[in-house]
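# Topology and contacts: notes
Take a look at the letters that make up each chain.
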Amino acid sequence: MTVGTTEVRPGIGSFPSPEAIRGRAGGENFSVASALLGRKTAHELLTIYDYARLVDQLGDAAPGDRAALLDLLEEEVDAAFTGTPRHPIMRALAETISAHRLPRDPFQRLIEANRRDQVRPEYETFAELVEYCQLSANPVGELVLHVFGSASPTTVELSDDVCTALQLIEHWQDVGEDAANGRIYLPAEDRDRFGVSDDDLRSEHANSALRRLLAFESERAADLLTSGRLLVAALRGRARLAVAGYVGGGRAALAALADADYDVLGGPVRARRSDRARLTVRTLGGRW
């Protein structure tokens, strides 16, 4: 933003508070405030979740110069690793970073995903969308594994599949909202294949072509989510419980989409809490 010829940079005061972040995002897939994980672990995971939502808020909904806000957040990430950040979300995150020696790269990738959102409103191919999820979703799973001391090349690779699946499912649930905001995550090549127009994404209800497309894309997400079976089996203790919760939530969301016959435009399509719990238990037991 400029006033006359003087550039005015946004300040930390432009960032939403922790309370605003949690109030907006409390019911989504990466909710981690569970008493079952223990107070300390739940708090540490919540600092990561708060950061991920903060990045999304600055990239998706913040007024003013979003690119400048993301630059300012990157400075806060630097401070979290080398000094003292100013925003309360980042100060809390700095403690988690120090306690678990978290890597910096996942935090940077989340910022890069939102920088991409400023210039790229849609994707041509499914492969391009999956590559975007490597920036927008997979870093969170990697950081969660580090908090539990369970990060290895094998578990991170499996986690990437799970997190990509969860991100895709969220995109399929939010087709109408995303389209209204000028973003389309359904790949263009698939929309062409199924005969789905941009206008179809803004209707009151999903037509048959869009429903067939969403069933196809949901099956792709389900295939990726099956890596959760191996990931849960590889983990122990609270890490196993937490990841099973994420996987069970994803399975329940897919079931809710199918139960709604993929009409994501007629109203919110979300899984019931009882279904999430049931499928989490099944995931813990290795039942698919």
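This text follows the structure it describes.
Residues numbered from 1 in each chain as written. Predicted model: local features only at pLDDT ≥ 70, side-chain atom pairs only at ≥ 80, totals over all residues. Heavy atoms only, no water.

Turning to the environment of Glu19, a few remarks are in order. Secondary-structure assignment places Glu19 in helix H1 (residues 18–25). Judged by relative accessible area, Glu19 falls into the exposed class, the value being 58%. In this structure, the C-alpha to C-alpha distance between Glu19 and His43, residues 24 residues apart in sequence, is 14 Å. (Helix = DSSP H or I, 4+ residues; strand = E, 2+ residues; numbered from the N terminus. Buried < 20%, exposed > 50% of the residue type's maximum accessible area, 1.4 Å probe, protein only.)

Below, the discussion takes up the packing of helix H13 (residues 237–259) against helix H14 (residues 273–284). Orientation of H13 relative to H14, taken along the N-to-C sense of each, is 125°, at an axis distance of 7 Å. Compared by their axis directions, H13 and H14 come out oblique. Crossing handedness for the pair H13 and H14: right-handed. The segment H13 lies against H14, with Arg240, Leu241, Ala244, Gly245, Val247, Gly248, Gly249, Arg251 and Ala252 engaging Asp275, Arg276, Leu279, Thr280, Arg282, Thr283 and Leu284. Residues that form the contact of H13 with H14 fall into these classes: 6 nonpolar, 5 polar and 5 charged. (Axes fitted to C-alpha atoms, helices over the stretch in contact; angles between N-to-C directions. Parallel < 35°, antiparallel > 145°, perpendicular 65-115°, else oblique. Left-handed = near helix turned anticlockwise from the far one by under 90°. Contact = heavy atoms within 4.5 Å. Nonpolar A, V, L, I, M, F, W, Y, C, P; charged D, E, K, R; others polar.)

Once that is clear, we can look at the side chain of Asp50. Within the element layout of this structure, Asp50 appears in helix H2 (residues 39–60). Residue Asp50 is classed as buried on the basis of its relative accessible area of 3%. Aside from chain neighbours lying at most four places away, what touches Asp50 is Ile21, Arg22 and Ile89.

As a further point, take the packing of aromatic side chains. To describe a pair of aromatic rings, one takes the distance between the centres and the angle between the planes. For the structure on display, the rule yields 6 aromatic pairs. Relative to Tyr185, the ring of Tyr123 lies with its centre 6.4 Å away and its plane at 15°, an arrangement referred to as stacked. Within this pair, whereas Tyr123 is found in the loop between helix H5 (105–119) and helix H6 (126–136), its partner Tyr185 is found in the loop between helix H9 (175–180) and helix H10 (188–194), the two being separated by 62 residues in sequence. Under the relative-accessibility criterion, Tyr123 is labelled buried at 1%. A relative accessible area of 8% places Tyr185 in the buried class. Both rings, one in Phe194 and one in Phe216, keep their centres 5.4 Å apart while their planes meet at 40°; by these two values the pair is tilted. Residue Phe194 is located in helix H10, and its partner Phe216 is located in helix H11 (residues 208–225); the two are separated by 22 residues in the primary sequence. When its relative accessible area of 18% is taken as the criterion, Phe194 is described as buried. For Phe216, a relative accessible area of 24% corresponds to the partly exposed category. By way of ring pairs, the aromatic residues Tyr51, Phe81 and Phe107 are connected into one cluster. (Phe/Tyr/Trp six-rings, centres within 6.5 Å; stacked < 30°, edge-to-face > 60°.)

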